[in-house]
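# An overview of the molecular structure
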Amino acid sequence: EQLSFEEAEQLLDSAFEQSTNRLEALESQRTALTNEVQAMEPEERTKSLGIVWQYAGRGGGKGRGRGDHRWHEFSPTDSAQVEEAYQRWEAGGKSKDPEQCRAEIHLEGGMDISVDFHLGTQMTVGKKARRRVQRKELPSKAQQICQPFFDEVLGIVGDVSGRLEKVSGQIAGMGIEEAQQKELDTKSAKCVEALRPAVTTFLELSLFCGANASMEKLEAVLGEKPSATLGVAAGGRDLRMQTVLKAVKEAFQIRAYGKASADGQSPWHQIRLLVQATRGHSGKKFYDLIMIQVRLAMVKFRSESLEIKRRHAFMLAGTLLNEYSDEDFQRRFRGELSKLFEDGITQAMQNQMSFSTVKAILFAAKAMRIGNFGKKVSEWLKHRLNSALSSNQPLETTVELVQQAKDFPDVDGGKIVRSVQPALIRKCQTAILSKTITPAQVNKIGLFQKILGKSFDQALFQSLEASYDEHRAMLTEWLVAYCEHTGVDLPPYCMNANQKEAFDQLHKAIEGSKMRSSEDMLQKVEELKKAVIFAKTVPDLKSHKELSEEFAKALEILKVESHLPPGWNLEDLLGTEKMFRKAPVTNRRSLELFQALMTSTHQKRWTRDRKTRGDGAAIADSFEVIRVIEVQNQASWENYHRRRDEIVKDCNPPDREAYAPLSDAQWNEFSGRVMTESLGHEIVSQCRLSPLDSRCNEFLFFHGVKPQVADLIAENHFDISFASKDGMFGAGLYFAEASSKSDEYCQPNENDEYPIIIVRVILGRPNYVDAPKPFDDPGRRALEHSCMSGSCHSVIGDRIKVSNTYREMVVYDHFQAYPHFILWYHRK
């Protein structure tokens, strides 16, 4: 029915009176809720209390239409079982396959059900009926506490809004005058205004709890005009800003460890009394130890709590800035944040909080474009750096400060460090002379050099010069380590002193080598090597005759004791990291001999390997040597020399006839002498290498490779573990006496140059094989066994006799081969 003016007036008055009474009853609850939620930790306000699973059950009505049901919760134990199965399904990619998306659950009551996560249904095992299930995320603790208040306020707002809408909808039919219209408008506004405190608290609590759905429901229930009047949207934004600002302010506050209890005793005081009660049993030492541990735990807990609050507050601030693009709001919000951040940084610095805390605040300020606080932090860092340099704090403290200063955003760490360079030099000098910074720790001082550059090196070297004579050995070791680490030259005074130190070490090692027995050979070589390597660090070593002569003498002894080939320059090898180098062969006669070796062993004999393992090209008419590289690898040679000595002894037993060298008659049975024998002796002689030893049947052979493999073998030696078990003569290293045979396995580089390795190989006592199918008879493993655990050292596979192709030489110990040269050639 149409309302009269009096009825409308009465309706609005009753709405105001009833809502006022109901809101007054909520006042104490509103205040208590606000205080309780504000006192909660950030996680308690927004973090869900967990997951619960529900199933659909029939409602109380008679209807059986769709949706006529209410949700029932599984018991906590059953819900946990369902959630565990759900997590497995989700981890598996949420498959739609019935076997994977279904899980059998045994409920507490004894019932067995099958849950289909893809369809969102459950079915009792043995029955056909299905019902829906759903996964529900529980609200946070704060949301649970606030929900009754939200419901009550929504009820009050709904009642008032309903009456306001009823009056507003019938004003046109009342036929009232303008004064009466204004009266009704005034009463309507009064009703809306009465809701303001509760609505404001509602919004504030919604923001604290992250209950956005409740806020949206409030705006919908109020309606557009009352919402605008109460500023639900704009007020919500400003209220969010105030809430975030409050969270940021709280995050910067450094609180005490606990509030005082009713009797005035703080938790810390109570802990002291509790621990003190045990003092009589364990003594003061126990008491002090426990109190320190408790204090450390409390400090750690407070720091972690503050860190969590800061991260949460910074996240809220960043989210709010991104959510609203209004320039006026952004300006106001950033202005307020700037003040809080400046106070927060000041508090953090005054309370000597960790660098990570200050750095996190700076990074957050930069990310949100709040302001540049680098100048303030720079002054603080400079003050702390001066304090560390002028006190008895260890140099490590200064190093940490400098490292932090270098990494701070908007802070010129280099400028700060340069301002304290004189004090820094004095601190470094003291640490070096007191041996608190050892040669192994030069990287700590190297940090200063990276920031300050040459000026730091010059000042540091100058500060140490006066103490050099007194601490020569220690400072020499330290300066060498420092200069190697930083890549700078040694100071002049250290070079002269090093010459004397180098001479002393060389002289001592040489004299020691004269008195050592052969059993001490390895130790003698190591001492000589150490002395020579140290002497090489002296820049003007050769400028002093006496030192130069002592150095040359030590080199010669070392070369002899290391059994290196005569033509190797030991000094050059000692200057490399692995005592390895590749030396180009430039002697004209040597190159002629290599060309002769390639030419004289070239034969036009086609084998299957040229097609199956090579490039399948026709056999070249000739090979033209382009260049030859000599491989000088001390570690490889040492192992090879040791193995050669062993095989020489095996081949020349004292109680019977020697196995080496093989006689002409034996070689004739083996299809002739080795093709490389004569030129091999000339090559090693011309290149000033160790002679080929006939006592162990040592020869030069060829080994064909790919370009990239040649360098790998040169530096890392042969590796028998890569040998193919399917080779004709088993898993061994295969060599050829004919260049055309090894050419089958060579591949060119981008310049169409082919690499072939010329290898020094020890045949020792060979196992001669001329069987047509040696892989079957005697068999690959038998051939391997004859050399690895039998009386032989190698296999000569005579394919000349079998198929008129080539002989192959095979060894099964990679230390029986040394890659002497890498020869590059063109096919003609």
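It should be noted that the structure appears before, not after, this text.
Scoring rules and cut-offs
Residues numbered from 1 in each chain as written. Predicted model: local features only at pLDDT ≥ 70, side-chain atom pairs only at ≥ 80, totals over all residues. Heavy atoms only, no water. Helix = DSSP H or I, 4+ residues; strand = E, 2+ residues; numbered from the N terminus. Buried < 20%, exposed > 50% of the residue type's maximum accessible area, 1.4 Å probe, protein only. Contact = heavy atoms within 4.5 Å. Areas by Shrake-Rupley, 256 points an atom, 1.4 Å probe, with all protein chains shown as cover. Expected span 1.5 Å × (residues − 1). Bend = angle between axes of the 7 residues up to and from the residue. Phe/Tyr/Trp six-rings, centres within 6.5 Å; stacked < 30°, edge-to-face > 60°. Lys NZ or Arg CZ within 6 Å of the ring centre and 35° of its normal. Axes fitted to C-alpha atoms, helices over the stretch in contact; angles between N-to-C directions. Parallel < 35°, antiparallel > 145°, perpendicular 65-115°, else oblique. Left-handed = near helix turned anticlockwise from the far one by under 90°. Nonpolar A, V, L, I, M, F, W, Y, C, P; charged D, E, K, R; others polar. Salt bridge = Lys/Arg side-chain N within 4 Å of Asp/Glu carboxyl O. Core = buried A, V, L, I, M, F, W, Y, C linked by side-chain atoms within 4.5 Å.

## Some details on the overall build of the chain
Helices and strands together make up the secondary structure of the chain, namely 34 helices and 15 strands. Here the chain, with 828 residues, has 46% of them falling under the buried criterion. Considering only contacts in the chain between residues 6 or more positions apart, those separated by 24 or more positions represent 74%. Accessible surface computed for the chain: about 43300 Å², of which carbon and sulfur atoms make up 50%.

## Regarding the environment of Val411
Following the sequence through the fold, Val411 ends up in the loop between helix H16 (395-407) and helix H17 (413-419). Residue classification places Val411 among the buried residues on the basis of a relative accessible area of 10%. Taking the C-alpha atoms as reference points, Val411 and Glu379, separated by 32 residues in sequence, lie 9.8 Å from one another. The residues touching Val411, leaving out its near neighbours within four places in the chain, are Leu362, Gly374, Val377, Ser378, Leu381, Ala405 and Ile416.

## Considering helix H33 (residues 775-788)
Side chains of residues three or four places apart in an α-helix project in the same direction, reflecting 3.6 residues per turn. When the terminal C-alpha atoms of H33 are compared, their 17 Å separation across 14 residues is substantially less than the 20 Å that a helix rising 1.5 Å per residue should span. Its maximal kink placed at Ala782, H33 deviates by approximately 55°. Where H33 is concerned, the buried positions are Gly779, Leu783, Glu784, Ser786 and Cys787. Buried residues in H33 make contact with strand S12 (766-769) and strand S13 (794-798).

## Section: the environment of Asp776
Structurally, Asp776 is set in helix H33. Asp776 sits in the exposed class, given a relative accessible area of 55%. Along the chain, Asp776 and Met728 lie 48 residues apart, while their C-alpha atoms are 9.2 Å from each other.

## Some remarks on the packing of aromatic side chains
Evaluated as defined, the whole model comprises 27 aromatic pairs. Relative to Phe699, the ring of Trp667 has its centre 5.9 Å away and its plane inclined at 85°; by these criteria the two rings are edge-to-face. With Trp667 in helix H29 (residues 664-669) and Phe699 in strand S9 (residues 698-704), the pair connects residues that are 32 residues apart, well separated along the chain. Each of the two residues, Trp667 as well as Phe699, counts as buried. When the ring centre of Phe16 is taken as origin, the NZ or CZ atom of Lys190, which lies over that ring, is 4.4 Å away.

## A closer look at the packing of helix H15 (residues 374-390) against H16
One can describe the packing of H15 onto H16 by two numbers: an axis separation of 9 Å at closest approach and a directional angle of 165°. Classified by the angle their axes make, H15 and H16 are roughly antiparallel. Of the two elements, H15 crosses H16, and the hand of that crossing is left-handed. Here Leu381, Arg384, Leu385, Ala388 and Leu389 of H15 lie close against H16, whose contacting residues are Thr397, Thr398, Leu401, Val402 and Ala405. For the contact of H15 with H16, the residue count by class is seven nonpolar, two polar and one charged.

## Observations concerning the pattern of salt bridges
Under the criterion given, the structure shown has 42 salt bridges. The closest approach of N and O atoms between Glu84 and Arg88, which form a salt bridge, is 3.5 Å. Residue Glu84 and its partner Arg88 are located together in helix H3 (residues 76-91), separated by four residues, close to a single helical turn. For Glu84, a relative accessible area of 51% translates into the label exposed. Of the residues examined, Arg88 reaches a relative accessible area of 54% and is grouped as exposed. The salt bridge involving Arg781 is made with Glu784; its shortest N-O contact spans 2.8 Å. On the criterion of helical spacing, the pair formed by Arg781 and Glu784 is a turn pair, its members being three residues apart in helix H33. Judged by its relative accessible area of 11%, Glu784 is buried.

## A few points about unusual backbone geometry
Of the consecutive residues Ala660 and Pro661, the connecting peptide bond is found in the cis state with omega at -5°. Within the secondary structure, Pro661 sits in the loop between helix H28 (634-651) and H29. With omega at 15°, the peptide bond leading from Asp777 into Pro778 counts as cis. Of note in this structure, Arg369 is not a glycine but carries a positive phi near 55°. Structurally, the position occupied by Arg369 is in the loop between helix H14 (355-367) and H15.

## Quick word on the nonpolar core
Core analysis: the biggest nonpolar cluster contains 84 residues, and Phe594, Phe735, Phe821 and Leu823 have the highest contact counts within it. Grouped together as the second largest cluster of nonpolar side chains are 74 residues, Val399, Val402, Ala405 and Phe461 included.

## A word on the side chain of Lys529
Within the secondary structure, Lys529 is located in helix H23 (residues 521-536). When neighbours within four sequence positions are excluded, Lys529 is seen to be in contact with Leu558, Leu574 and Met579.

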